[in-house]
Amino acid sequence: KKWVCVKSCGACCYLKDREGIEDWFDDEDFEHYQSLIGNDGWCMNYDKENRLCKIFEDRPEFCKVTPKIFERLYGVDEEEFDSFCIDCCSDIISDV
């Protein structure tokens, strides 16, 4: 199966209480990730009313979901990218 981001889903923008998330980041990126968590658990750059990222063009690298970025940042091989993203999205959506 091929992974495709669902427009206006926003599930990945709910940042609070992600078990094991710190294992995916270096210290600097994890600190940045933590700084984006609003009081309600959503990314402070996520427009909940319109269900869009307010800084989409300038979002952090760790928010960009591409095979090359996921391989470099998280060690996910390009061949595993689609299944990894499908599993990850399924887990996140079920938690939101």
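What counts as what
Residues numbered from 1 in each chain as written. Predicted model: local features only at pLDDT ≥ 70, side-chain atom pairs only at ≥ 80, totals over all residues. Heavy atoms only, no water. Phe/Tyr/Trp six-rings, centres within 6.5 Å; stacked < 30°, edge-to-face > 60°. Helix = DSSP H or I, 4+ residues; strand = E, 2+ residues; numbered from the N terminus. Buried < 20%, exposed > 50% of the residue type's maximum accessible area, 1.4 Å probe, protein only. Lys NZ or Arg CZ within 6 Å of the ring centre and 35° of its normal. Polar contact = N/O pair within 3.5 Å; in protein donor to acceptor, adjacent residues only side chain to side chain.

Asks: Help me out: how do you make sense of the packing of aromatic side chains in this one?
Replies: Two measures describe an aromatic ring pair: the distance that separates the ring centres and the angle between the ring planes. In the structure shown here, the tally under the stated rule is 14 aromatic pairs. Measuring from ring centre to ring centre gives 5.1 Å for Phe25 and Phe62, while their planes differ by 80°; the resulting arrangement is edge-to-face. Note that Phe25 is positioned in the segment before α1 (27–35) and Phe62 in the loop between β2 (52–53) and α2 (67–74), a separation of 37 residues in sequence. Phe62 carries the same exposure label as Phe25, and that label is buried. Residues Trp42 and Tyr46 carry aromatic rings whose centres are separated by 5.2 Å and whose planes lie at 20° to one another, so their mutual orientation is stacked. For Trp42, a relative accessible area of 17% gives the class buried. Through a chain of ring-to-ring contacts, three or more aromatic side chains come together here, namely Trp3, Trp24, Phe25, Phe30, Tyr33, Phe62, Phe70, Tyr74, Phe81 and Phe84. Directly above the aromatic system of Phe56 lies the positively charged group of Arg59, at a separation of 3.8 Å from the ring centroid.

Asks: For this particular structure, what's the right way to read the environment of Asp26?
Replies: The topology assignment puts Asp26 in the segment before α1. For Asp26, a relative accessible area of 47% puts it in the partly exposed group. The spacing of Asp26 and Lys54 is 28 residues in sequence and 25 Å in space, taken between C-alpha atoms. Polar side-chain contacts of Asp26 include one of 3.2 Å to the backbone nitrogen of Glu28.

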